[in-house]
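# Working through the structure, step by step
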Amino acid sequence: MTIEIFSGTSTPLSAAATLIGTPTEDPKDLSIHGASVFNKPASHIIELIASRSATSSAVYIYDVAEQVGFGTLTKTWSSAMESTAPVISLQTRAGAGLSLVGRLSEGSSQDLVKGAVLTAYTTPGGLAAMVESLSYLPPATSNSRLIVQVPAVTTVGPNFALSPTLASLSAAFPILPDNLVVLLSATPQESIDLAALSYKLTSSHVVHIFDHHGISRESGHVFVPTLQLKETPALDVPELIRWSGYQFFDYVGDLNAETVVVLLNGPLALMAKSIVAHSSGLGVVVVRVLRPWDGNAFKQCLPDTVKEVHVFDDVPNEVCQGSLFVDVFGSLYGPNSPGPLVRAHRVTPTRTLSFLSDPTQFSTLLTELSHQVPAATHLDTSSTRKLLFFSTPKSALSPLPQTVANSFASTVSVRLLTDHDIFSKSGGVTADKIVLSPRSEGTDVLPMAAAFPSGTADFICVLDANLLKSHSLLNQAKSGAIVLVASPWSSELPYNLPPAVLSAAVEKKLRIFTLDAKAISSSFGAELGAAQDTLQRVVVYLAVLRLYLGKAASEPAVRKLAEGVAREVAQGSQLAKISASSWAALEEVNLQIPLAADDGDAKPPSPLKQFEFNAIAVETADGQTVVNGSKVSSWHDAAKHLLFPSVFTPPTPPSEEAEEYIQDPSLRPEVPEHTYLVTCTVNRRLTPLDYDRNVFHLEFDTVGTGLKYAIGEALGVHGWNDEQEVLDFCKWYGVDSQRLITIPVAANEGKMYTRTIFQALQQQTDLFGRPPKSFYAELAAYATSPADRLALQFIGAPEGSSTFKKLGEKDTVTFAEVLQRYPSARPGIETLCEMIGDIKPRHYSIASAQSVVGNRVDLLVVTVEWTAPNGTPRYGQCTRYLANLKVGQKVTVSIKPSVMKLPPDNMQPIIMAGLGTGAAPFRAFLQHRALLAQQGIPVGPTYYYFGSRHQHQEYLYGEEIEAYILDGTITKAGLAFSRDGPKKVYIQHLMLEDAAVLASLLKNQAGVFYLCGPTWPVPDVYEALVGALVKNEGHTPESGGEFLMSLKEEERYVLEVY
């Protein structure tokens, strides 16, 4: 039979891999000093850079990162390579990031001498959960800083489709700490360069976000991590970024454009750059460095002709305001000029997927914004050829796409991306996309979704014919495409296909061929002594080359190409026989739609399923397949891991009783934490009324709530604003406090809830909190007075930084006071609530052990109050709320994990150092150890150090402490009251008196040291402990510091400071 097919590309000259499959990467062979080879995706190189012991002191891998296929290789390397940094696995939950903050919060600890450069892997959603903790990061130094590598991929929608959206970070970007740099990369080369640059910005903490949805996972890109080879100069952050060859912002498009689109660097930005490169009147600004935001650099990159600026923001729902819009608005609107018109485009996760799955939607939107002819801005991929393989994971033929891609790599540019769908079919479905393009085509890189849109495949290979019965695969083919089906069906194929599949094939005029690879491999298996799986891959590979190369193919030429990939199976005459059989067995299917039988009662056919990308797989060196972060025995298990992640997370000790108490979502619908409604039973002041500090003790009844807590954990209090102040504000603002309003639930697309204005302002909205700089810029749009508008624009602009700093740090103005200073700026009350944001829970160490007090939780709190420069009294929002609690009043609380934990062995000595209310967790420790002693359970030595100003006024829980000393619960107490004697005495002085015993407890008896309270004594306490080790245990200052830091890794040197 003669087969003539249009040739889509040049004939490849050689093949680069065997049909056994792509070898698993050996980390010892992964060089970061030269160009990559074909089968190393950029994300693998990023993991390699981040995980070197020369780069990081430790790598913290959060579960959400592993669930999207990032971090698995680092864990594998850690057990195989000495040069890999220590790896710590963490779960993403309340308090995520506290471990990182605690590790970096040691003042003059040895970490600062030898270096504690920590790397964390997490996703956008995981980073959002860490933001509150990151606000406590200490200043970065060359030897102590945090780098967070963030693969941008998130599950979206009911089908758990994976998306590159950053919507979960929309509320997090504005509250990131000022000492944190945020880098965004899109292309493979850029991702590797910025990953390396992250570790060269030695004066800042860094977050690097890169596209793990597609491009960084692709094989085929050649790149050189040049920054690894450069000697880093001593420059500040902006200069160092420019030294690396990158800019804060990239401008692409018409130099005289009147319309400019602004996007964060990522897949949509790559699409936009490609579109505007072939259009007029339109420009694109791509934001590569989001923090620190450089407003001047942004303005300078805009053409002078710009009239409209359109800002595309990833947001969870269409009523949320994105942070990028606020940055752009604040940069362009100053007190001296109104600037161009700035418009917001809120891109929800579902809209991001829509733009990627159908790029014409995105190009049409840009066309409308630029007022151009629609055809002018469409993406052009006509010079590429596209191959698509469908298979089932772990099938005999699943390695074939990699082999085919390798074969073409020597003559053309090749990109290969593998996606998985673990829900639509038991066992899963795999789609391998290959894009071939001339090497002379330039350097622009499009996301795979744009380079390979739906319905554009030139060649489709279906390696499991049963998929045609269940899935709509042929809709991916363009008109006249070639389809190869590995199946014994030939003339029977039309009768085995659903009518919809057959109709699509006929309508698109597809040429479908079948090949019974299994039969051919069976006939040669005994003769060659080779595995049938390997022979099948050879047979299908020969057929793929013949069909794709078309007129350029001849049986000898195809056989010649196959010699390189079949060397382990057959050579010479044996390969010639296999090639001839494969050639002869190809059969083209006659696509005539068979006559339908008259079955009036027949059931309608089941609808065909669509392939949905919802899983990422990583092959490890030991041959394991890790899907969504878990090693699975079958791909059906992978769906279980995604649907029920909590079932498959590392085991935790079972609770003593089943969960009997279900949270009422109407209690606090805007709060993501699990909350409990507890009752205040005791509110007792501990310090005298005439003392200048109000330290008070609280007790809450938890009966019927199901609240359980571990020793050392913290209680999150969801406090309310002062009732009278809220009513006064409502009266001034001119709103009825009892009117109902509907507000969106933050970070939940489409979720809304209804409350009265009074409830919203008292219980939820942080009306009396400190406004960020973005609030001024956003509020300016609502000012009707020119003076108010210009003043707000100025404060919100970069030029107004000193004014903003004075208002925030010296005057400590609140949201309400800003509104009162600029009374013409009055957004609607619903809008105002969204602009201000929610009251954050305040967390307090729990001062009780549930094993002792039962259904009760105790707190030790000191009120926060001060006077502003204008004489206005100020109060800490939550401590004021707690101080005014009445017995019987209900309070909404949540539980937050903490680093303060008792050691697993009751015989381990513990050394506790608490300053002021830092004594709270140690009260719980002492209660529990006293209970053990009463039960006859032996416990180790217990040393307690406490410091405050005056014994008479501030000896917190003094009666209990004295009782514990008398009954032996406390082995030794060191009480430092700094203002009671002629000379100030602090806890570190008392620790020096006990230096010998403390050093022995830590060095020889597995003792654990705890410090809780303010940060100022940390360096002195550290030096006291190091000095004790030097004097009594034979250490040098350096080795003593190293020993103390090793205790930290063992959770035996624990700090909780604030």
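Residues numbered from 1 in each chain as written. Predicted model: local features only at pLDDT ≥ 70, side-chain atom pairs only at ≥ 80, totals over all residues. Heavy atoms only, no water.

## Structural notes on the overall build of the protein
Going by this rule: Numbering of helices and strands runs from the N terminus; a helix is a DSSP stretch of H or I covering at least four residues, while a strand is a stretch of E covering at least two. Here the term buried applies to any residue with accessible area under 20% of the maximum for its type, exposed to any over 50%, and partly exposed to those in between, with areas from a 1.4 Å probe on protein chains only. Between two residues, a contact is recorded if the distance between any of their heavy atoms is within 4.5 Å. The accessible surface values rely on the Shrake-Rupley method and a 1.4 Å probe; as for residues, cover is taken only from the protein chains in view.
Looking only at helices and strands, one finds 40 helices and 39 strands in the protein. Counting the 1058 residues in the protein, one finds 56% classified as buried. In the protein, 76% of the contacts between residues at least 6 apart in sequence involve partners at least 24 apart. Of the roughly 42,900 Å² that the protein leaves accessible, carbon and sulfur atoms contribute 52%.

## Things to note about the packing of aromatic side chains
Using the following cut-off: Aromatic rings from Phe, Tyr and Trp, taking only the six-membered ring of Trp, are treated as a pair when their centres fall within 6.5 Å; an angle between ring planes under 30 degrees marks them as stacked, one over 60 as edge-to-face, and anything in between as tilted.
In total, this model carries 31 aromatic pairs according to the counting rule given. Here the aromatic rings of tyrosine 944 and phenylalanine 946 are separated by 6.4 Å at their centres, their planes lie at 10°, and the arrangement is stacked. A relative accessible area of 2% places tyrosine 944 in the buried class. Considering the side-chain rings of phenylalanine 1009 and tyrosine 1053, the 5.9 Å spacing of their centres and the 20° angle between planes classify their relative orientation as stacked.

## Considering the environment of phenylalanine 524
The residue phenylalanine 524 is located in helix H19 (residues 517–528) in this model. Along the sequence, phenylalanine 524 and glutamine 574 sit 50 residues apart, while their C-alpha atoms lie 9.0 Å from each other. In this view, phenylalanine 524 contacts Leu535, Lys577, Ile578 and Ser581; residues no more than four positions away in its chain are not counted.

## Focus: the packing of helix H20 (residues 532–549) against helix H21 (residues 555–562)
Describing two packed helices takes the angle between their axes plus the distance from one axis to the other. For clarity, the threshold we go by: Each axis is a line fitted through C-alpha atoms, and for a helix only the stretch in contact is used; angles between axes span 0 to 180 degrees, taken between their N-to-C directions. These descriptions rest on fixed angle ranges, namely under 35 degrees for roughly parallel, over 145 for roughly antiparallel, 65 to 115 for roughly perpendicular, and the rest for oblique. Working rule for handedness: look at the near helix, and if it is turned counterclockwise from the far one by less than a right angle, call the crossing left-handed; if clockwise, right-handed. As a working rule, the residues Ala, Val, Leu, Ile, Met, Phe, Trp, Tyr, Cys and Pro are called nonpolar, Asp, Glu, Lys and Arg charged, and the rest polar, with Gly in that last group.
Orientation of H20 relative to H21, taken along the N-to-C sense of each, is 130°, at an axis distance of 10 Å. What the angle tells us is that H20 and H21 run oblique. Handedness of the crossing formed by H20 with H21: right-handed. Seen from H20, the contacting residues are Tyr541, Leu542, Leu545, Arg546 and Leu549; seen from H21, they are Val558, Leu561 and Ala562. For the contact of H20 with H21, a count of residues per class yields seven nonpolar, no polar and one charged.

## As for the pairing of strand S35 (residues 910–915)
Selection criterion: For two strands to be treated as a pair, DSSP must find at least two bridges joining them. Consider the strands pointing away from the viewer: the crossover is right-handed when the path from the first strand over the helix to the second runs clockwise.
With six of its six residues buried, S35 lies for the most part within the structure. By the alternation rule, side chains of S35 split into Ile910, Met912 and Gly914 and Ile911, Ala913 and Leu915, which are all buried. The pairing of S35 with strand S36 (residues 942–948) spans six bridges and is classified as parallel. What sits directly across from methionine 912, in S36, is tyrosine 944. Crossover S35 to S36 through helix H34 (residues 920–934) is right-handed. As paired strands, S35 and strand S38 (residues 1008–1013) are joined by five bridges and run parallel to one another. In the strand pairing of S38, methionine 912 is matched with tyrosine 1010.

## Observations concerning the packing of helix H25 (residues 723–733) against helix H26 (residues 757–764)
Where H25 meets H26, the axes come as close as 10 Å, and the angle between the chain directions of the two elements is 135°. Accordingly, the angle class assigned to the pair H25 and H26 is oblique. Considering the relative orientation of H25 and H26, their crossing is right-handed. Where H25 approaches H26, its residues Glu723, Val726, Leu727, Phe729 and Cys730 are matched on the opposing element by Ile757, Phe758, Leu761 and Gln762.

## Points about unusual backbone geometry
Residues arginine 291 and proline 292 are joined by a peptide bond in cis, for which omega reads 0°. The phi dihedral of threonine 812 falls on the positive side, at around 45°, and the residue is not glycine. By the secondary structure assignment, threonine 812 is in the loop between helix H29 (801–810) and helix H30 (815–821). Phi at glutamate 1051 takes a positive value of approximately 60°, unusual for a residue other than glycine. Positionally, glutamate 1051 belongs in the loop between helix H40 (1037–1049) and strand S39 (1053–1057).

## A look at the pairing of strand S31 (residues 856–862)
Counted residue by residue, S31 has six buried out of seven residues, so it is predominantly covered. In terms of strand pairing, strand S26 (residues 695–701) meets S31 through seven bridges, oriented antiparallel. Directly across from phenylalanine 700, in S31, lies its bridge partner valine 857.

## Observations concerning empty space enclosed by the protein
For clarity, the threshold we go by: Method remark: on a 1 Å grid restricted to protein atoms, a set of points is classed as a cavity if a 1.4 Å probe fits but cannot get out and as a pocket if it is open with protein on both sides within 12 Å along at least five of seven lines; lining residues have an atom within 4 Å of a point. Grid points are joined across faces, edges and corners, and a volume is the space filled by probe spheres set on the points.
Evaluation of the coordinates by the stated rule reveals three cavities of 30 Å³ or more. The computed volume of the largest cavity comes to approximately 230 Å³. As for the largest cavity, its lining consists of 21 residues, and the residues nearest its centre are Leu264, Asn265, Gly266, Pro267 and Asp314. Put simply, the parts of the chain that give the lining of the largest cavity at least two residues each are strand S7 (180–185), strand S8 (205–210), strand S10 (259–264), helix H9 (267–276) and strand S13 (308–314). Each residue belonging to the lining of the largest cavity can be placed in one class, and the counts come to 13 nonpolar, five polar and three charged.

## With respect to the sheet that holds S38
Ordered by their spatial adjacency, five strands build an open sheet running S37-S36-S35-S38-S39, and the pairing between neighbours is parallel. What marks the edges here is a single partner per strand, and that holds for strand S37 (972–977) and S39. Direction aside, the axes of adjacent strands within the sheet are offset by 10° on average.

## Structural notes on helix H7 (residues 188–198)
Given 3.6 residues per turn, any residue in an α-helix points the same way as the ones three and four places further on. Most of H7 sits inside the fold, with ten of its eleven residues counted as buried. Taken together, the buried positions of H7 are Pro188, Glu190, Ser191, Ile192, Asp193, Leu194, Ala195, Ala196, Leu197 and Ser198. Contact partners of the buried residues in H7: helix H1 (42–51), strand S4 (144–151), S7, S8 and helix H8 (237–243).

## Digging into the side chain of threonine 74
The line we're drawing: Polar contact is defined as a pair of N or O atoms within 3.5 Å, subject to the rule that within protein one atom must be able to donate a hydrogen and the other to accept it, and that residues adjacent in sequence are counted only when both atoms are side-chain atoms.
Tracing the chain through its elements places threonine 74 in helix H3 (residues 72–78). Since its relative accessible area comes to 0%, threonine 74 is described here as buried. In terms of polar contacts, threonine 74 uses its side chain to reach the side chain of tyrosine 121, at 3.1 Å. The residues contacting threonine 74, other than those within four sequence positions of it, are Glu47, Ser51, Val59, Ile61, Thr84, Val87 and Tyr121.

## Quick notes on the sheet that holds strand S11 (residues 282–287)
Strands in a sheet are paired, the pairing made by backbone hydrogen bonds, and the direction either parallel or antiparallel. Strand order in the open sheet formed by five strands is S9-S11-S10-S13-S14, and the pairing between neighbours is mixed. On the outer flanks of this sheet lie strand S9 (249–253) and strand S14 (341–347), each paired with one strand and no other. The mean inter-strand angle of the sheet, taken between neighbouring strand axes irrespective of direction, is 20°. Here S10 runs beside S13; their pairing, made up of four bridges, is parallel. Bridge pairing in S13 places valine 260 opposite valine 309. The sheet strands contacting H9 are S9, S10 and S11, and the helix crosses S11 at an angle near 155°. Contacting S13 and S14, helix H12 (residues 349–357) runs over the sheet at an angle of about 90° to S14.

## Digging into the nonpolar core
Put simply, the rule reads: We call a set of buried Ala, Val, Leu, Ile, Met, Phe, Trp, Tyr and Cys residues a nonpolar core when their side-chain atoms join them within 4.5 Å.
Formed by 84 residues in total, the largest nonpolar core has its most connected members in Ile209, Val262 and Val328. Discounting residues that sit within four places of it in the chain, isoleucine 209 has contacts with Val150, Ala152, Leu166, Leu169, Phe173, Val182, Leu183, Leu184 and Ser185.

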